[in-house]
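Descriptive structure summary
As a plain string of letters, each chain reads:
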Amino acid sequence: MCRSPEFEMLVSRAVTLFPEDTVLSALQVMHHHAVHALPVVDGRDGAWLGEVSEDELHRLSAFAPLARLAEILTAKALAGTEETTVAPTTTLLLHAPSPRWLH
């Protein structure tokens, strides 16, 4: 992959979420940046951990507004399926990992 200065600048400005972020804080970030889905990355090395959507977070905010994204992604990983039901009407969809996200 080409690592031009322009590419590095673009990636360094990527909006990401972290495992310690809460559902409400993630929704605030999405609203601030006018996006509907964001990747969740490891704060130490920028490794891609998953992705959450605004719709998923809105459903979660009704009963677990202070849940950490790590808990949400862990529930998905423990289930070992492509689609995990966290609550009766709450589904998290995670996609195949992409290259490492830079900060």
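A quick note: this is a predicted structure, and the numbers were derived from the prediction, not measured. Each chain has its residues counted from 1, running along the sequence as written. Totals for whole chains, interfaces and linings use every residue, but because this is a predicted model, local features are given only for residues with pLDDT of at least 70 and side-chain atom pairs only at 80 or more, for both listing and counting. With hydrogens and water set aside, each side-chain value is computed from the structure's full complement of heavy atoms.

1. Here we look at the overall build of the protein
Scanning the protein from terminus to terminus reveals four helices and four strands. Only DSSP runs of H or I with at least four residues qualify as helices, and only runs of E with at least two residues qualify as strands; both kinds are numbered from the N terminus onward. Starting at the N terminus, the α and β elements of the protein follow one another as α-α-β-β-α-α-β-β. In the protein, 55% of the contacts between residues at least 6 apart in sequence involve partners at least 24 apart. Surface accessibility of the protein: about 6400 Å² in total, with carbon and sulfur atoms responsible for 59%. Whether two residues touch is decided by their heavy atoms; if any such pair falls within 4.5 Å, the residues are in contact. Each accessible area is a Shrake-Rupley estimate made with a 1.4 Å probe; only the visible protein chains count as cover when residues are assessed.

2. Looking at the side chain of D21
Tracing the chain through its elements places D21 in the loop between α1 (5-12) and α2 (23-33). Buried, partly exposed and exposed residues are distinguished by accessible area as a fraction of the type maximum, computed with a 1.4 Å probe on protein chains only: under 20%, between the cut-offs, and over 50%, respectively. The sign given to each residue is positive for Lys and Arg and negative for Asp and Glu; His and the chain ends receive no count. Counted as salt bridges are all cases of a side-chain nitrogen of Lys or Arg within 4 Å of a carboxyl oxygen of Asp or Glu. In this structure D21 is buried but unpaired, with R68 as the nearest side chain of opposite charge at 6.7 Å. Within the structure, D21 has its side chain in polar contact with the backbone nitrogen of F18 (distance 2.8 Å). Leave out the neighbours within four places in its chain, and D21 touches A67, R68 and L69. We define a polar contact as two N or O atoms separated by no more than 3.5 Å, with the added condition that, inside protein, one atom must be a possible hydrogen donor and the other a possible acceptor, whereas residues neighbouring each other in sequence contribute only through side-chain atom pairs.

3. Considerations on α2
Owing to its 3.6 residues per turn, the α-helix aligns residues three or four sequence positions apart on the same side. What α2 keeps buried is the set V23, A26, L27 and M30. Projected down its long axis, α2 shows its buried positions confined to an angular sector of 100°, all on one face. Of the exposed residues in α2, those oriented more than 90 degrees away from the buried face are Q28 and H32. In the segment just after α2, A34 is the residue with positive phi, at about 55°. This arc is taken over the directions from the axis of the helix to the C-beta atoms.

4. Focus: the nonpolar core
Side chains of a nonpolar character, in soluble globular proteins, are inclined to be buried together. Remark: nonpolar core denotes a set of buried residues (Ala, Val, Leu, Ile, Met, Phe, Trp, Tyr, Cys) joined through side-chain atoms within 4.5 Å. The biggest cluster of nonpolar side chains holds 15 residues, and the ones touching the most others in it are L17, V23, M30, V40, V52, L57 and L69. When residues of this core are assigned to their parent elements, the largest contribution, four residues, is made by α2. Residue contacts for M30: discarding those within four places in its chain leaves L17, V35, H36, A37, L38, V52, S53, E54 and L57.

5. Examining the environment of G43
For G43, the location among the structural elements is in the loop between β1 (37-41) and β2 (48-53). Given the relative accessible area of 48%, G43 is considered partly exposed. Distance from G43 to F18, taken between C-alpha atoms, is 6.3 Å for residues 25 residues apart in sequence.

6. What to know about the confidence of the model for the protein
Confidence of the predictor at the level of single residues is given by pLDDT, which spans 0 to 100. Of the residues in the protein, 67% have a pLDDT of 70 or more, and the chain-wide mean is 77. When pLDDT is averaged over each element of the protein, α2 comes out on top at 95 and strand β4 (residues 90-93) at the bottom at 41. Within the model, pLDDT remains below 50 along residues 84-99, and this stretch shows 38 contacts once partners closer than five positions in the same chain are excluded.

7. Some points on helix α3 (residues 54-61)
Looking at α3, one finds that the buried residues are E54, E56, L57 and L60. One side of α3 holds all its buried residues, which, seen down the axis, span an arc of 160°.

8. Points about the pattern of salt bridges
By the definition in use, this model includes one salt bridge. Among the ionic pairs, R44 bridges to D42, the shortest N-O distance being 3.6 Å. Note on D42: relative accessible area 16%, which makes it buried.

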